[in-house]
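# Working through the structure, step by step
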Amino acid sequence: MLQHYGPQLINLLAAVLLLLAFAMLSQRRILSLINLFAAQGAVLCVATVLVASVTGQSHLYWSAGVTLLLKVLLLPWILHRLIRRLNVKWDVETLLNIPTTMLVGIVLVILAFNLAAPISQLAGTVTRSTLGIAMASVLLSFLMMITRSKAVPQVVGFLSMENGLFFAATAAVYGMPMVVELGIALDVLVASLILGVFLFQIRERFDSVDTRHLEKLKEH
Amino acid sequence: MNLADAAAQFTELLLALLLAPLLTGWVNQCRSWLQNRSAPGLLQPYRVLAKLFEKEVVLAHNASPLFRAAPYLIFGCLALSAAIVPTLATGLPLNAAADAIALVGLLAVARFFIALAGMDIGTAFGTLGARREMLVGFLAEPALLMVLFTASLISQSSSLSTIVDVLGHREFAIYPSMAFAGVAFTIVSLAENARIPVDNPATHLELTMIHEAMILEYSGRHLAMMEWASSLKLFVYSCMGLALFFPFGIARGGDWLGIVLALPVLVAKLAVGGAALALIEILSAKMRIFRAPEFLGTAFLLAVLAMLVHVLLEA
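Below or above, wherever it landed, is the structure these notes cover.

Reading guide: rules and limits
- Residues numbered from 1 in each chain as written.
- Chains lettered and ligands numbered in written order.
- Predicted model: local features only at pLDDT ≥ 70, side-chain atom pairs only at ≥ 80, totals over all residues.
- Helix = DSSP H or I, 4+ residues; strand = E, 2+ residues; numbered from the N terminus.
- Rg over C-alpha atoms; globule rule 2.2 N^0.38 Å.
- Buried ≥ 20, exposed ≤ 12 C-beta atoms within 10 Å, placed from the backbone.
- Contact = placed C-beta atoms within 7 Å.
- Axes fitted to C-alpha atoms, helices over the stretch in contact; angles between N-to-C directions.
- Parallel < 35°, antiparallel > 145°, perpendicular 65-115°, else oblique.
- Nonpolar A, V, L, I, M, F, W, Y, C, P; charged D, E, K, R; others polar.
- Core = buried A, V, L, I, M, F, W, Y, C linked by C-beta atoms within 7 Å.
- Left-handed = near helix turned anticlockwise from the far one by under 90°.

On to the overall build of chain A, then. Within chain A, the secondary structure is distributed over seven helices and zero strands. When the helices and strands of chain A are listed from N to C terminus, the series reads α-α-α-α-α-α-α. Computed over the C-alpha atoms, the radius of gyration of chain A is 18 Å, within 12% of the 17 Å expected from 2.2 N^0.38 for a compact globule of 220 residues. Here the C-alpha coordinates of chain A stretch approximately 65 × 35 × 30 Å along the principal axes. Per-residue burial for chain A yields a buried fraction of 42% across its 220 residues. Restricting to contacts in chain A with at least 6 residues of sequence separation, those with at least 24 account for 74%.

On to the packing of helix H1 (residues 2-26) of chain A against helix H5 (residues 131-147) of chain A, then. All names here are of chain A. Viewed as axis vectors pointing N to C, H1 and H5 meet at an angle of 10 degrees, and their least axial separation amounts to 10 Å. Relative to H5, the element H1 lies roughly parallel. Along the contact surface, H1 presents Ala14, Ala15, Leu17, Leu18, Ala21, Phe22, Met24 and Leu25, while H5 presents Ile133, Ala136, Ser137, Leu140, Ser141, Leu143 and Met144. Residues belonging to the contact of H1 with H5 are distributed by class as follows: 13 nonpolar, two polar and no charged.

On to the environment of Glu217 of chain B. Residue and element names in this part refer to chain B. Along the polypeptide, Glu217 turns up in the loop between helix H8 (211-214) and helix H9 (220-245). A count of 21 C-beta atoms within 10 Å places Glu217 in the buried class. As for Glu217 and Leu59, which are separated by 158 residues in sequence, their C-alpha atoms are 7.9 Å apart. With residues up to four places along the chain from it excluded, the contact list for Glu217 reads Ala60, Ile121, Thr123 and Gly126.

Attention now moves to the interface of chain A and chain B. Contact with chain A, which involves 19 residues of that partner, is made by 15 residues of chain B. Of the residues forming the side of chain A that touches chain B, the biggest block, ten residues, is contributed by H1 of chain A. Each residue belonging to the side of chain A that touches chain B can be placed in one class, and the counts come to 14 nonpolar, five polar and no charged.

One recurring pattern in soluble globular proteins is that nonpolar side chains are buried together. Core analysis: the largest hydrophobic core is formed by 163 residues, its most contacted members being Leu17 of chain A together with Ala143, Val147, Ala184 and Ala303 of chain B. For this core, the element with the most residues is H9 of chain B, which contributes 16 residues. Not counting residues up to four positions away in its chain, the partners in contact with Ala303 of chain B are Ala143, Met146, Val147, Thr150, Ala181 and Ala184 of chain B.

Our focus in this paragraph is the packing of helix H5 (residues 124-155) of chain B against helix H7 (residues 176-192) of chain B. How two helices sit against one another is set out by the angle between their axes and by the gap between those axes. Residues and elements named next belong to chain B. The N-to-C vectors of H5 and H7 enclose an angle of 150 degrees; their axes lie 9 Å apart at closest approach. When the interaxial angle is binned, H5 and H7 end up roughly antiparallel. Crossing hand, H5 versus H7: left-handed. Taken together, the residues of H7 that come into contact with H5 (itself represented by Val136, Ala140, Ala143, Leu144, Val147, Thr150 and Ala151) are Ser177, Ala181, Ala184, Phe185, Val188, Ala191 and Glu192.

Below, the structure written as structure tokens:
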């Protein structure tokens, strides 16, 4: 049963990950963005558990556990606290025209699928066809970091890019070694803490968390 | 084409004509329940139709013959599409009359005439409604076509009847692409049927209405035909969605027992679908008309993604 439907379910979850990446790209509200990020972490966690049970790679259960703790619970909590303290909870961001961003996103997806196709043919894993989706979500997170002007969405983009990388590793070679994974997890955690401090500094200086202020080198 | 097939086709068409107002009534009832209002009876749309058929027709002085012909043309288009979409059985005579692409064309013809009729009298409201309808329509149509293309890619045929045969009678498999296509189709059918995030079917508030603005000048039996046609449109879209995404229980042509068994399955699926539609309408707010392009753009994006995902994961 699981052997038969497992790979199909993994494919479905991969598709949901791609969908969530697009949802994040199109989201205007910062609060919903963080909730979507938590949802992406949850889907990633379920997908990892499925890969683990289909392939019998027991270390993936640990990765799934780390994902659950860090990306579904801890990081969204930190981010929620951050936006409450910064008081940007209901900020509606004015950014590039969203439909244009989405069209660029589709082009990126086609690019990622084409890039991944030869690699997946070489891989022997059951998850090989999802590599294209993993690469696409990395690129979409990149796009999000580029097109957003406020700092918090940029941080969320950075974190969701790590989600994409994690999924790519699971898809291509059934996950990274545990030491590397723990190292990355710690990096992401520290990065989000440092970025949090950084955001407070930006706001203190400019009364807003718009990173466009940082482009000016001198004060008037 | 033998007599039995023709009889099955006729039954299907008759059923569509009779069930369509019931579906509208059911959606309204579910919506009233969810809004904590006491619901109008399930048969209210039939009573409205009966009342309108008895009333006399009031025409504007400058109404052209097109204005009088449009309700029948639109009703005819939608009745034909209801006969083409497989509801009870596949492989019926009219199924071969049009494939999925021609079906979209048929629905576009209906939209064309309703927009013309809206502009015919020359009132501001009718023109406003027609322009908005065309805006929504031209954005929804490509998304709908992409959804149908995805299903066609899976089943290697653009005929709805074959799509249902392939999807409904093969071993159960999960298609991620159909999940995307399903969301896109839901958005498209909300927009096409003038449901809440895009249009509100229960309002005559001038600034927000789309569909109601176009049929504002109609009365009597013309209005009855228009109302019936919009019920039929909801029915056609629901059945198209059920045929694409939940094709289980639809019989093959000529299998009479199957057709008889397909009827309760269809009614149950429509009941669940109608309740889901009411739930979506309750949970979402009417959006500004200028947000509609973005909403429908999302549907197009999802449908394109569905095709890409199909190529990547399922090919």
